[in-house]
Amino acid sequence: MTTDVREMVDAVFDVSGERVPVNYPFALWSELVRLVPALGGDASVGVLPLRTTGSEAGMLLPRRAKLVVRLPTSLAAEVASLSGQELELDGLALRLTNGRLREIQPYPTIHAHLVVGAADEVAFVDDVAATLSDLGIAANLICGRHNILADFATQIHGFSLVIHDLKPEDSLHLQYAGLGSHRQYGCGVFVPYKVITDLN
């Protein structure tokens, strides 16, 4: 490993709310930056996708929904102020409570819901493999389905991705640094993936 990355931590919050818009990552990021402006000045900050269930009324939130913001340890104190705040996502309210920090663990298999890249799957995998090679990371890839994240002004394309057979230091590197752009919308942010059976 030759590339240094900043040490990161996950700030985890309980979420109270019934649902979020289908394209919620854009409004969510806007609200987070409104409440903690320092987040908008750091491109390393990532927001993990919320666990939701689709419906005609939007994306339903489970009772124990969590918001996870991945950020440099230097921003942890500022982000703590989010606990107790209410966010407004296109007319839908979310309340954040019980904020705490969670250390990122080195798992051999990690997954990202959407890594931004080429629209062609073969080209996408080749690009990711080349990036990992440049980083000195030896691992295996499983490319999942093509995903699109869009609102009225932006359309982001990519694929879900599992990276497995990682050494501990390489797993941490990829979880800290991510892959590709738009981390603030949940893209290229990796989490542990325990079973390689369902990339959705």
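As a starting point, this report considers the structure included with it. Predicted, not measured: the structure shown is a model, and the values here were computed from it.

About the thresholds
- Residues numbered from 1 in each chain as written.
- Predicted model: local features only at pLDDT ≥ 70, side-chain atom pairs only at ≥ 80, totals over all residues.
- Heavy atoms only, no water.
- Helix = DSSP H or I, 4+ residues; strand = E, 2+ residues; numbered from the N terminus.
- Rg over C-alpha atoms; globule rule 2.2 N^0.38 Å.
- Buried < 20%, exposed > 50% of the residue type's maximum accessible area, 1.4 Å probe, protein only.
- Contact = heavy atoms within 4.5 Å.
- Areas by Shrake-Rupley, 256 points an atom, 1.4 Å probe, with all protein chains shown as cover.
- Lys, Arg positive; Asp, Glu negative; His and termini not counted.
- Charge placed at Lys NZ, Arg CZ, Asp CG, Glu CD.
- Core = buried A, V, L, I, M, F, W, Y, C linked by side-chain atoms within 4.5 Å.
- Expected span 1.5 Å × (residues − 1).
- Pairing = 2+ DSSP bridges.

Okay, the overall build of the chain next. The secondary structure content of the chain amounts to four helices and twelve strands. For a compact globule of 200 residues, the expected C-alpha radius of gyration is about 16 Å, and the chain comes in at 16 Å, within 12% of that figure. Each principal axis of the C-alpha atoms in the chain carries an extent, and together these give about 45 × 40 × 30 Å. The buried share of the chain, reckoned over its 200 residues, is 44%. Put simply, 75% of the contacts in the chain that link residues at least 6 apart link residues at least 24 apart. Total accessible area on the chain stands at roughly 10,100 Å², and carbon and sulfur atoms take up 50% of it. For the chain, the separation between the mean place of its 15 positive charges and that of its 23 negative charges on side chains is 10 Å.

A few words on the environment of isoleucine 110. As for its placement among the helices and strands, isoleucine 110 is situated in strand S9 (residues 110-116). In the structure, isoleucine 110 is positioned 44 residues away from lysine 66 in sequence and 19 Å away in space, judged by C-alpha atoms. Every residue in contact with isoleucine 110, bar those within four places of it in the chain, is listed here: Leu161, Val162, Ile163, Leu166, Ser171, Leu174, Gln175, Phe190, Val191, Pro192 and Tyr193.

Counting residues in hydrophobic clusters, the biggest one holds 34 residues, and the most contacted among them are Leu32 and Leu67. For this core, the secondary-structure elements that each account for two or more residues are strand S1 (8-16), helix H1 (24-35), strand S6 (66-72), strand S7 (86-89) and strand S8 (92-102). The leading source of residues in this core is H1, at six residues. When neighbours within four sequence positions are excluded, leucine 32 is seen to be in contact with Leu39, Val47, Leu67, Val69, Leu82 and Leu87.

Looking now at H1. Under the 1.5 Å per step criterion, the end-to-end length of H1 is 17 Å for twelve residues, consistent within 8% with the ideal 16 Å. Those residues of H1 not exposed but buried are Tyr24, Pro25, Phe26, Ala27, Leu28, Trp29, Glu31 and Leu32. Among the structural elements, strand S2 (19-20), strand S3 (46-47), S6, S7, strand S10 (140-150) and strand S11 (155-164) are those in contact with the buried residues of H1.

Attention shifts here to the pairing of S1. When you tally the buried positions in S1, you get eight out of nine residues, the bulk of the element. Here seven bridges tie S1 to S6, and the two strands are oriented antiparallel to one another. Within the sheet, the bridge partner assigned to phenylalanine 13 lies in S6 and is leucine 67. Direction of pairing for S1 relative to S8: antiparallel, over a ladder of six bridges. Looking at the pairing, aspartate 14 lines up with threonine 97 of S8.

Taken in spatial order, the five strands line up as S3-S6-S1-S8-S7 in an open sheet, and their pairing is antiparallel. Two strands bound the open sheet, and with one partner strand each, they are S3 and S7. The pairing of S7 with S8 spans four bridges and is antiparallel. Each residue of the ladder has a partner; that of leucine 87, found in S8, is leucine 94.

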